[in-house]
Amino acid sequence: MVLELHVWGPAFGLPSIDPQCLATIAYFSLVLPKDAWVLIASSDPSVSPTNELPALKNGKAWVSRFRNIVDYLRQYSNGEWDLDEVLSGTDRADNIAFSSFIESRGQPLIDLSLYITSQNYYDKTSPAYGAILQWPNQWIIPPRLHSAAKKRTEPLGLSSLDLQAMEDQRKREHSAAVAAGQIPENLIQRPRDTVSGLLGKTAQQNRFKLEALTAELFDPLEEMLGQKSYFFPGDKPATADCLALGYLSLALVPDLPYPWLRDAMKIKAPNLSRYTERLRQHCYGAVAVDVSHAFDGPSRPATDAASPLPWLAPARATAVTVGSTLLNTLADATPILKNIRAHERLRQAAQSPDSGLSRVESHALSAYATGQKKDVLVSVAAVVGGVAALLGYMAHVGLLQISYGSDEEEWEEEEEEEEEEQQEGGIAGIPESLSATEFLNF
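Residues numbered from 1 in each chain as written. Predicted model: local features only at pLDDT ≥ 70, side-chain atom pairs only at ≥ 80, totals over all residues. Heavy atoms only, no water.

1. A few points about the nonpolar core
For clarity, the threshold we go by: Take the buried residues of types Ala, Val, Leu, Ile, Met, Phe, Trp, Tyr and Cys, join any two whose side-chain atoms come within 4.5 Å, and each joined set is a nonpolar core. Any residue under 20% of the maximum accessible area for its type is buried, any over 50% is exposed, and the rest in between are partly exposed; the area is computed with a 1.4 Å probe on protein chains only. Starting at the N terminus, helices and strands are each numbered in turn, a helix being any DSSP run of H or I of at least four residues and a strand any DSSP run of E of at least two. Note on contacts: a residue pair qualifies if any of its non-hydrogen atoms lie within 4.5 Å across the two residues.
Counting residues in hydrophobic clusters, the biggest one holds 86 residues, and the most contacted among them are L73, F218, L221, F231 and L272. Considering each element in turn, this core owes the most residues, 10 residues, to helix α9 (residues 239-252). Setting aside residues no more than four positions away along its own chain, L272 makes contact with F218, L221, E222, L225, F231, L248 and M265.

Here it is in structure tokens:
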């Protein structure tokens, strides 16, 4: 059976815009025969039961996340598809620790470079998502990913790279100052800042932070790599090499308007830069990956020459899929439903076989999610019951009158009653038979 690897689609000349997807693609290209798997740029996390990419589909079984997929392949192939089979016990432990280090240090830098730096996001990252996403995900997913990156990097104190946030903050401060009477209302606003301008105004603070963040990742990797071909002894890469390629290629390859991350990598880690480029060509091909490779699939006449990856075009979105996406988006935007759905997803993730949690941890997390969901439902029921009791009490004491007829019907009834009174008794104080002379003297 052919394995299906679902990933975020190509961008920046790479086969995916996501580091975890890039790492998984590299692992597959190194250990699996080309006819044993297909690569699908679905770019839609909802295809996976866990709502995550990358996701591996084998028949009815789904496995998501890089580490879980690697473990699944090792078990599925009885150790045949295992890059770490030649590593010693100590090297295997170092491999796991080294992989965790790359993820924890690499993800914030990718977030800052591709999402938080406004010029890079609006000029390159957002259009890249627009090229690989189908409607209506083109308008839904990029802002969601942008917001998630902001939350992850908020503790780093580099929000000044986000020009939109800085502009919004400046407008709020300006409005507050006007309201307080500190400056005239007709004061001309300053022109929009640029990243270079912002960094120039807070050069020391921002550059020190960026220098420290980039040094935390690149310096240890450059030292560990040294003059070796790969991070661990041997003539072939390990799992950590695949994970490093996923993050480092997104730091080195994208041609961005403000390439501070690529410049830092080339200056601080020249050997690491050459290593990344060599491994990238080995795993992804010497020719830059184009979006058409993913969506044309094997129908391209020069697929092997253009890209060594076994692309398979993703299925087009159906009316049911589009409707489900819109409904899910609406539900996630509704406060109460949003909390209920979040707790339900947490419960499903905890009970998933590829969650990576022990039985005790899975049971505890599932019980917590279920309890939180029940608390929300109880709170909703209490509010509804209280409102119903209040309305009943108001109706009982006469503070609330319920009318079953419409205002228009009541107005017509009153008009008919007035006409009947006029027909029966005439206008009050005026006789029914009256001449013109008598009327004028009346």
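Having seen it, we continue.
2. A closer look at α9
What counts is decided by this rule: To estimate how far a helix should reach, multiply one less than its number of residues by 1.5 Å.
Compared with the 20 Å implied by 1.5 Å per residue over 14 residues, the 20 Å span of α9 between its first and last C-alpha is a close match. Buried residues dominate α9, accounting for 14 of its 14 residues.

3. So, the sheet that holds strand β4 (residues 61-64)
Defined as follows: Being paired, for any two strands, means DSSP has found at least two bridges between them. To define axes, lines are fitted to C-alpha atoms, for helices over the stretch in contact only, and angles between the resulting N-to-C directions are given on a 0 to 180 degree scale.
The strand order β2-β1-β3-β4 describes an open sheet built from 4 strands, whose pairing is mixed. The open sheet has two free edges, formed respectively by β2 (37-40) and β4, since each of these has just one partner strand. Going from strand to strand, the sheet's axes swing by 20 degrees on average, the running direction of each strand aside. Bridge count between strand β1 (residues 3-6) and β2: 4 bridges; the pairing is parallel.

4. Observations regarding the pattern of salt bridges
Keep this limit in mind: Salt bridges are defined by distance alone: a side-chain nitrogen of Lys or Arg within 4 Å of a carboxyl oxygen of Asp or Glu.
The tally for this structure, following the rule as stated, stands at 11 salt bridges. Among the ionic pairs, R67 bridges to E103, the shortest N-O distance being 2.9 Å. Linking R67 in helix α2 (residues 66-76) with E103 in helix α3 (residues 89-116), this pair joins segments that are 36 residues apart in sequence. Between D82 and R92 there is a salt bridge, with the nearest N and O atoms lying 3.6 Å from each other. Taken together, the positions of D82 in the loop between α2 and α3 and R92 in helix α3 put the pair 10 residues apart, joining distant regions of the chain. Looking at R92, the relative accessible area reads 31%, which means it is partly exposed.

5. Structural notes on the packing of α3 against helix α4 (residues 118-132)
So the rule is basically this: Any angle from 65 to 115 degrees is called roughly perpendicular, while one under 35 is roughly parallel, one over 145 is roughly antiparallel, and all others are oblique. Gly falls in the polar group here, along with every residue not listed as nonpolar (Ala, Val, Leu, Ile, Met, Phe, Trp, Tyr, Cys, Pro) or charged (Asp, Glu, Lys, Arg).
Two numbers describe how α3 lies on α4: the axes approach to 6 Å, and their chain directions differ by 85 degrees. Looking at the two axes, α3 sits roughly perpendicular to α4. Together, S113, L114, Y115 and I116 of α3 and S118, N120, Y121, T125 and Y129 of α4 make up the contact between the two elements. In terms of residue class, the contact of α3 with α4 is built from 5 nonpolar, 4 polar and no charged.

6. Details of the confidence of the model for the protein chain
Reading fine detail from the predicted coordinates is not recommended where pLDDT is low. Which entries qualify depends on this criterion: How sure the predictor is of each residue is captured by pLDDT, a score from 0 to 100.
When pLDDT is averaged across the protein chain, the result is 77; 66% of the residues are at 70 or more. The lowest-confidence element of the protein chain is helix α13 (residues 303-306), averaging 48 in pLDDT; the highest-confidence one is helix α1 (residues 19-31), averaging 95. With pLDDT under 50 throughout, residues 299-304 is counted as low confidence; its partners more than four residues away or in other chains account for 8 contacts.

7. Looking at the environment of A315
Along the chain, A315 falls in the loop between α13 and α14 (319-333). Counting along the chain gives 275 residues from A315 to I40, while the straight-line C-alpha distance between them is 9.1 Å.

8. Details of the environment of E216
Structurally, E216 is set in helix α8 (residues 203-225). Of the residues examined, E216 reaches a relative accessible area of 39% and is grouped as partly exposed. Here the alpha-carbon distance between E216 and F101, two residues 115 residues apart in the chain, equals 9.9 Å.

9. Observations concerning the packing of aromatic side chains
Operational definition: For Phe, Tyr and Trp, where Trp contributes only its six-membered ring, two rings pair if their centres lie within 6.5 Å, and the inter-plane angle classes them as stacked under 30 degrees, edge-to-face over 60, or tilted in between. Our definition puts a charge over a ring when NZ of Lys or CZ of Arg is within 6 Å of the ring centre and also within 35 degrees of the ring normal.
Going through the model one piece at a time under the given rule, you end up with 11 aromatic pairs. The interplanar angle of 35 degrees and the centroid separation of 6.1 Å between the aromatic rings of Y76 and W81 together place this pair among those described as tilted. Overall, Y76 belongs to the partly exposed group, its relative accessible area being 38%. Residue W81 is classed as buried on the basis of its relative accessible area, which comes to 12%. Among the aromatic side chains, those forming a connected cluster through ring pairs are W8, Y115, Y121, Y122 and Y129. Sitting over the ring of Y230, R278 keeps its end group 5.6 Å from the ring centre.

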